[in-house]
Amino acid sequence: RYRNLLRRRWWMLPLMAVLAMGVQMIIIWNVPPAFASFGQMIVNVKIQVQTGANYIEELSNFLGTQVALMQSGSVLTRAEQRVRSTKPELLASKVDLKIGVSPKTTIFNLRAVGPDPAYTQVYLDAVMEEYSNLKKEMRDKTSDKTLAGITEELSRLEKELKANEDELLQFQASNSVVFLQEQGNNAGSYLVRLNQQLASLQTELQLLKMLNLDQNIELRQSGQAKPVGATATEGQGRDVSALLPADSEYLKAKQQVQLLKVQQQQLAEVLRPKHPKMIALAEEISVKENFLEFFKKQSVEQLDNRKSSLELQVQNLEREIKEWDAKSLDASTKMAHYQKIRANVTRTQNLYDQLLKTMQAVGVDKEITSESVTVLERASPCRPDRPTLAVSLMISGMIGLALG
């Protein structure tokens, strides 16, 4: 069926192809002429001449961001105004701007198509120039904002530094730092000695209270009354292990009484109690016991006096330790305050110097940083932008053949 139809209607195929090519010719003829101009720019991803540079591009989506920026209304409007101011004789016309990126590079290929070749070329140059100017303004704005922030912070730090230095000078004017240091060291050493003396006296006093008279005298005789490491208090002037004045008489009397009693026991074995020798010995023992009681009473009194003296010395040492503790604490507090002021001055000064270096680096970078945008090729002279006639007719003929 289709073969018979093709034999009868074969002329429809070339007719439809010719008609389609004719329509395409009319369209091409009636389309207003268009002219294309080409240019290239290279955009650096990052500019940082030295440490402290003030402008760094964001790497994520960098290429797409730059394309959008080139085609932004701000750049295109400024480009139109630039052409209008530099070439007022050219009539403005609509220009279509297309931008592509060379693979694995940051080279941007710009293509401007418009009806006026002169205007299109100038317009493309203006777009590249305004894009470069906009990038520079963005860097300068960032640098100025950074400088303003650093300047404000420097002003605040300068006031803080001056206040800290004034506080330090005021402290030094009202306190001698060298004296405070010496006072703190001497107070610590003196407190150690006082505590050692207090411990020695408290130990001796405790022993005196715990032992009776005979035990105390026996301990003193053995030389163990002074605790290990104890020292005599200043102004005491004697060894605390020595016997008291009445102790010697008490011991002498006690020894005599014991000897007489031994002698009495020996005589009692051969003599009766009413023998004159026994009576005389008993009387002598009685006299010696009276002396012994007298010397014992003196020793007890001297021992009580020694206890009272030790208690007073302990109280005096405790009071003195408390006073020196307060002095040591006051010196330590003042020195801690002094160290804090000095640390604040040092910290603020270091931060101020750091910011000052940063501000100088930002200022230098602003002046010497090279442009991150370079025009690689300026806008080329315009050439007609028409599709190839043979290709267009071939395509339209194939479309007509398919319709037929």
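Just so it is clear, the model here is predicted, and its values are computed rather than measured.

1. Examining the packing of aromatic side chains
- Counted according to the given criterion, the structure contains 3 aromatic pairs.
- Ring centres of Tyr119 and Tyr123 lie 5.9 Å apart, and the angle between their planes is 20°; on these two criteria the pair is classed as stacked. Taken together, the positions of Tyr119 and Tyr123, both in helix 5 (residues 117-174) and 4 residues apart, correspond to about one turn of that helix. Accessibility classification places Tyr119 together with Tyr123 in one group, the buried group.
- On the basis of an interplanar angle of 65° and a centroid distance of 4.9 Å, the ring pair of Tyr190 and Trp324 is categorised as edge-to-face. Within this pair, whereas Tyr190 is found in helix 6 (residues 177-210), its partner Trp324 is found in helix 9 (residues 276-368), the two being separated by 134 residues in sequence.
- Relative accessible area serves as the criterion here: at 18%, Tyr190 is assigned to the buried category.
- Classification of Trp324 as partly exposed rests on a relative accessible area of 22%.
- Above the face of the Trp324 ring, Lys327 is positioned so that its terminal group lies 4.5 Å from the ring centre.

2. Re the environment of Leu134
- You can see Leu134 is positioned in helix 5.
- Between the C-alpha atom of Leu134 and that of Val75, which follows or precedes it by 59 residues, the distance is 7.6 Å.
- Every residue in contact with Leu134, bar those within four places of it in the chain, is listed here: Leu69, Val75 and Arg78.

3. A word on the pattern of salt bridges
- What the rule picks out here adds up to 12 salt bridges.
- For the salt bridge of Glu160 with Arg347, the shortest nitrogen-to-oxygen distance reads 3.4 Å. Taken as a pair, Glu160 in helix 5 and Arg347 in helix 9 lie far apart in primary sequence, 187 residues in all.
- The closest approach of N and O atoms between Glu204 and Arg306, which form a salt bridge, is 3.0 Å. With Glu204 in helix 6 and Arg306 in helix 9, the pair connects residues that are 102 residues apart, well separated along the chain. Across the pair, Arg306 and Glu204 agree in class, each one buried.
- Each of the salt bridges in this network shares a partner with another, and the network as a whole consists of Arg78, Arg82, Glu130 and Glu137.

4. Topic: the confidence of the model for the chain
- Overall, the prediction assigns the chain a mean pLDDT of 79, with 82% of residues at 70 or greater.
- Scored below 50 in pLDDT, residues 47-58 shows 37 contacts in the model against residues more than four places distant or in partner chains.
- Note that residues 224-241 has pLDDT below 50 and, in this model, 29 contacts with residues that lie over four places away or in other chains.

5. Brief notes about the packing of helix 3 (residues 62-70) against helix 5
- Helix 5 packs onto helix 3 with a crossing angle of 115° between their chain directions and a minimal axis gap of 10 Å. In this structure, helix 3 crosses over helix 5, and the sense of that crossing is right-handed. The residues of helix 5 that touch helix 3, namely those facing Gln66, Leu69 and Met70, are Val127, Tyr131, Leu134, Lys135 and Met138.
- Considering only residue class, the contact of helix 3 with helix 5 consists of 6 nonpolar, 1 polar and 1 charged.

6. Some details on the pairing of strand 2 (residues 96-101)
- The sheet contact formed by strand 2 and strand 3 (residues 107-114) spans 6 bridges and is antiparallel. Residue pairing for strand 3: Val101 is matched across the bridge by Phe108.
- Connecting strand 2 to the next strand, strand 3, in antiparallel fashion are 5 residues, including Lys104 with a positive phi near 60°.

7. Considering the side chain of Asn175
- By the secondary structure assignment, Asn175 is in the loop between helix 5 and helix 6.
- Overall, Asn175 belongs to the buried group, its relative accessible area being 15%.
- Among the polar contacts listed, one links the side chain of Asn175 to the side chain of Ser174, at a separation of 3.0 Å.
- Looking at Asn175, its side chain comes within polar contact range of the side chain of Lys334, at 3.4 Å.

8. A closer look at a nonpolar patch on the surface
- A cluster of nonpolar side chains, Leu6, Trp10, Trp11, Met12, Leu15 and Leu19, forms an exposed patch at the surface whose accessible area comes to about 600 Å².
- With respect to the helices, strands and loops of the structure, Trp11 is situated in the loop between helix 1 (2-9) and helix 2 (12-30).
- Of the residues examined, Trp11 reaches a relative accessible area of 39% and is grouped as partly exposed.

9. A few points about the packing of helix 4 (residues 73-86) against helix 5
- In contact at an axis separation of 8 Å, helix 4 and helix 5 are set at 125° when each is read in the N-to-C sense. Relative to helix 5, the element helix 4 lies oblique. With respect to the hand of their crossing, helix 4 and helix 5 are arranged in right-handed fashion. Within the contact between the two elements, helix 4 uses Val75, Leu76, Arg78, Ala79, Glu80, Arg82 and Val83 and helix 5 uses Tyr119, Val122, Tyr123, Ala126, Val127, Glu129, Glu130, Tyr131, Asn133, Leu134 and Glu137.

10. Some words on unusual backbone geometry
- The backbone phi angle of Lys104 is positive, close to 60°, even though this residue is not glycine.
- Relative to the elements of secondary structure, Lys104 occurs in the loop between strand 2 and strand 3.

What counts as what
- Residues numbered from 1 in each chain as written.
- Predicted model: local features only at pLDDT ≥ 70, side-chain atom pairs only at ≥ 80, totals over all residues.
- Heavy atoms only, no water.
- Phe/Tyr/Trp six-rings, centres within 6.5 Å; stacked < 30°, edge-to-face > 60°.
- Helix = DSSP H or I, 4+ residues; strand = E, 2+ residues; numbered from the N terminus.
- Buried < 20%, exposed > 50% of the residue type's maximum accessible area, 1.4 Å probe, protein only.
- Lys NZ or Arg CZ within 6 Å of the ring centre and 35° of its normal.
- Contact = heavy atoms within 4.5 Å.
- Salt bridge = Lys/Arg side-chain N within 4 Å of Asp/Glu carboxyl O.
- pLDDT = per-residue confidence, 0-100.
- Axes fitted to C-alpha atoms, helices over the stretch in contact; angles between N-to-C directions.
- Left-handed = near helix turned anticlockwise from the far one by under 90°.
- Nonpolar A, V, L, I, M, F, W, Y, C, P; charged D, E, K, R; others polar.
- Pairing = 2+ DSSP bridges.
- Polar contact = N/O pair within 3.5 Å; in protein donor to acceptor, adjacent residues only side chain to side chain.
- Patch = residues over 30% accessible without salt bridge, like charges linked within 9 Å, V, L, I, M, F, W, Y side chains within 5 Å.
- Areas by Shrake-Rupley, 256 points an atom, 1.4 Å probe, with all protein chains shown as cover.
- Parallel < 35°, antiparallel > 145°, perpendicular 65-115°, else oblique.

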